[in-house]
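Survey of secondary and tertiary structure
So you can see what is in the structure, the chains are spelled out below.
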Amino acid sequence: METILFISPVAADGSLPKASLEALTAAKTLAEGLGAPLAVGLFGADVAPAAAAAAACGQVYAVTGEAFAPARYATDAAAMEALAKAAGATIIVAADDSRVSRALPGVAARLGGRIDAHVTAVAAKDGKAVATRGFYRQRMTAELTRTARPWCLTVSAGCYAAYDGAPGQAAVTAVDVAVIPAMTRTTVKAIVAPSADEQTIRPDATTLFVAGAGWTKKQADGAPHTAEAGQLILGFLGASKASLGSSKSLVDMGGEGEAVLPFLTHLHQVGQTGSTPRHQKGLATCCHGEEPHVVGWRFITERRAVNLDAACGWAQGKADVLYVADAFAVMKKVNELLG
Amino acid sequence: MFHIVVCGGIVPDPLQTLEPVKGPAGWGLKNELMLPSVLDPWASHALYEAAHLAKTVAGSKVWLVSLGPKAKLQQLMMTVAQKAPFELVVADGPASGFTDSFEVAEALHAVIAGIAGLDASKLLVFGGWQSASRGSGSTLQILGEKLGIADHFQGVDKLTVGADGSLEIMERVEGGAYQISTCSGAPAVLGWATGELPEPPNNPQVGMANMRLVMPALQKAKPAAVKADAIDYQSVTLPAQKRETRVVKDTPVDVIAQEIVDWLKN
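Residues numbered from 1 in each chain as written. Chains lettered and ligands numbered in written order. Predicted model: local features only at pLDDT ≥ 70, side-chain atom pairs only at ≥ 80, totals over all residues. Heavy atoms only, no water.

- The name that an unreviewed UniProt entry assigns to chain B is Electron transfer flavoprotein subunit beta, with the source organism given as Solidesulfovibrio carbinolicus.

- Under an unreviewed UniProt entry, chain A has the name Electron transfer flavoprotein subunit alpha and belongs to Solidesulfovibrio carbinolicus.
- The UniProt entry for chain A carries the following comment under Sequence similarities (unreviewed entry): "Belongs to the ETF alpha-subunit/FixB family." (UniProt positions renumbered as here; feature names shortened; annotations may be inferred.)

This is how it looks when you write it as structure tokens:
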């Protein structure tokens, strides 16, 4: 008999982040499919709101205290290790967020278990837990299972609906973890977040706008128009509230001393070493190339592209619509229409 | 000073078309040994950052620890060795994405434990926060646990070393934000995202200096028994991705723009 443990840090206000609520749905689905008990493991300064939200799911275990508030490997790993032991977990399901992804593999090692990260689905098949995940930058997908226990799984965001069960009064089992000096060598100083007006890859946006290196190249008049490109892109983002992504080549140009769009950083990069966002719509402009860009677009549902090459290797067979046109002219008109 | 161990595997060139096949040893890539390989892109960033750090902190040294087939590593070093000064340490084994991160970490641990002169108190373990093969983002943490290191950072884009040897690290977190942390110093594990440094130009002199140690390292490489037995793959498939692309050309800009706006609003 498996024992499924959903595990999560809590947000600063004690609630469960959206990605964790999605992972909770995955854990609950798996537990129901296997007919296995589900337990909830929480850690943070104060877990009461999260415990209430997940009260209907199963027994709640909690590690609490100010030392467990910051996203720090040593304390996070110690908390999750203790929660897994307290719950007697054989399968541990968590969100694939930065905090859990940093520490849960180490927890798996401490417990003598195994981990599969970036899972897009978990299911019970023939009485066994089966996970689905991508390999080679999502260029292939596999269904896999393991006999080793505990088996840790992190679930990618956007794959499950967020759990929205009725809150209740949770009976929380407190789990003690001693905080020793070696666990606090790291101090979290700050979170540097982009301002509300600054565009970046935001999972909640409907559309992802991807800027390619063509925006900074010489145009028909033989000169680059980087400043105008920046105005057009920011104008579109302001009007559409789209996320902004870019190709790696465009981001790298800054480091190589070329004219660049100053608001682009490596955080905007999609593709081989960038992110693989999950927006409903994607509009690529001035992009070129094949697999490296396709990797970044794997989970974009509707894809359109604007560039001057009708035979563009990125668009053919990968975008739904390719507009063969000057992106400067098209985006200027689009911005006018969007007001 | 730091002793920087960069863990970097080899992966198929990103422009190659990949096809999974199941052989006697489990799942792999069709014509895997024939595919051109590159150093994993994230590990490359880690290597460039390590070399930069070693250059700026006197007395530091970089080891590049790689698990992969010896023959392919030898080919790869012809280019990688020209990028940055390092000493290569090799574990001769598979570079497949279908291996288990736990097994890979054990193999890397065995190799790192055997590096002569490595001072654990000065150790910084660098690598990619993910790989372009297995993409698990878990190997470094497991390796760190085996090395007894309790300070880990993932998705790192910037490392600043203080005069007292303390570390300030910028890690990527959700929402396009960075978490800034300080750590009192080595040892630590850093999984790099893209870093801040572009790919360095080839330097033949660096290449020649590195290659003097590369060949002996390849000859000394011990076989690493990395298996995927712990994973029962039910299926491995290519996702359907072919789309019927509608090409719109010789169309006025106004019409195209209106169509895009209608699509965005629906």
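Still more to cover.
**Some details on the interface of chain A and chain B**
- With 88 residues of chain A at the interface, the matching set in chain B holds 90 residues.
- Between chain A and chain B, a total of about 7600 Å² is buried, with carbon and sulfur atoms accounting for 57% of that surface.
- In this structure, Glu259(B) and Arg304(A) form a salt bridge, with 3.6 Å as the shortest nitrogen-oxygen distance.
- Viewed at the interface, chain B and chain A are joined by 38 residue pairs in polar contact (both at pLDDT 80 or more).
- Considering only residue class, the side of chain A that touches chain B consists of 41 nonpolar, 24 polar and 23 charged.
- Where strand 15 (residues 321–324) of chain A lies against strand 15 (residues 246–248) of chain B, three bridges are found, and the strand directions are parallel. Across the sheet, the residue bridging to Tyr323(A) is Val248(B), located in strand 15 of chain B. (Contact = heavy atoms within 4.5 Å. Buried area = accessible area lost by both parts, 1.4 Å probe. Salt bridge = Lys/Arg side-chain N within 4 Å of Asp/Glu carboxyl O. Polar contact = N/O pair within 3.5 Å; in protein donor to acceptor, adjacent residues only side chain to side chain. Nonpolar A, V, L, I, M, F, W, Y, C, P; charged D, E, K, R; others polar. Pairing = 2+ DSSP bridges. Helix = DSSP H or I, 4+ residues; strand = E, 2+ residues; numbered from the N terminus.)

**A few points about the sheet that holds strand 6 (residues 61–68) of chain B**
- Pairing is mixed across the open sheet formed by ten strands, whose spatial order is 10(A)-11(B)-10(B)-9(B)-12(B)-8(B)-1(B)-6(B)-7(B)-13(B). At either margin of the open sheet sits one strand with a lone partner, and together these are strand 10 (186–192) of chain A together with strand 13 (222–223) of chain B.
- Pairing geometry for strand 1 (residues 3–7) of chain B and strand 8 (residues 123–128) of chain B, over five bridges, is parallel. Its bridge partner lying in strand 8 of chain B, Cys7(B) is registered against Gly127(B).
- Contacting strand 1, strand 6, strand 8, strand 9 (152–161) and strand 12 (188–192) of chain B, helix 1 (residues 41–56) of chain B runs over the sheet at an angle of about 150° to strand 8 of chain B. (Axes fitted to C-alpha atoms, helices over the stretch in contact; angles between N-to-C directions.)

**Focus: the pattern of salt bridges**
- In this structure the tally under the stated criterion is 22 salt bridges over all chains.
- Several salt bridges converge on common partners, so that one network encompasses Glu81(A), Lys85(A), Arg110(A) and Glu145(B).

**Comments concerning empty space enclosed by the protein**
- Under the defined criterion, the tally for this structure stands at two cavities of 30 Å³ or more.
- The computed volume of the largest cavity comes to approximately 410 Å³.
- Lining the largest cavity we find 30 residues, and of these Gly9(B), Val104(B), Ser131(B), Arg134(B) and Thr139(B) sit closest to its centre.
- Within the residue set of the lining of the largest cavity, elements represented by two or more residues are strand 2 (10–12), strand 6, helix 3 (101–113), strand 8 and helix 4 (139–147) of chain B.
- Per-class residue counts for the lining of the largest cavity are twelve nonpolar, 16 polar and two charged.
- Every residue lining the second largest cavity is listed: Ile115(A), Asp116(A), Arg133(A), Phe135(A), Arg146(A), Thr99(B), Asp100(B), Ser101(B), Arg134(B), Ser136(B), Ile231(B) and Tyr233(B).
- Broken down by secondary-structure element, the contributors of at least two residues to the lining of the second largest cavity are strand 5 (114–125) and strand 6 (128–135) of chain A together with strand 14 (231–237) of chain B.
- Residue composition of the lining of the second largest cavity, grouped by class: four nonpolar, three polar and five charged. (1 Å grid on protein atoms, 1.4 Å probe; cavity = no way out; pocket = protein on both sides within 12 Å on 5 of 7 lines; lining within 4 Å. Points joined across faces, edges and corners; volume = space filled by probe spheres on them.)

**With respect to the nonpolar core**
- With 56 residues, the main nonpolar core has Ile92(A) and Leu104(A) as its most contacted residues.
- The leading source of residues in this core is helix 3 (residues 73–87) of chain A, at ten residues.
- Setting aside chain neighbours within four positions, we find Ile92(A) in contact with Leu5(A), Ile7(A), Ala84(A), Leu104(A), Leu111(A), Pro150(A), Trp151(A), Cys152(A) and Leu153(A).
- One finds Val10(A), Val47(A), Ala95(A) and Phe98(B) within the second-largest nonpolar core, a separate group that totals 48 residues. (Core = buried A, V, L, I, M, F, W, Y, C linked by side-chain atoms within 4.5 Å. Buried < 20%, exposed > 50% of the residue type's maximum accessible area, 1.4 Å probe, protein only.)

**Details of the environment of Pro204(B)**
- One can find Pro204(B) in helix 5 (residues 204–220).
- Taking the C-alpha atoms as reference points, Pro204(B) and Leu118(B), 86 residues apart in sequence, are found 27 Å from one another.

**Some thoughts on the environment of Lys222(B)**
Residues and elements named next belong to chain B.
- Looking at the secondary structure, you find Lys222 in strand 13.
- For the pair Lys222 and Val90, spaced 132 residues apart in the sequence, the C-alpha separation amounts to 7.5 Å.
- The contact partners of Lys222, leaving out residues within four places of it in the chain, are Val90, Ala91 and Asp92.

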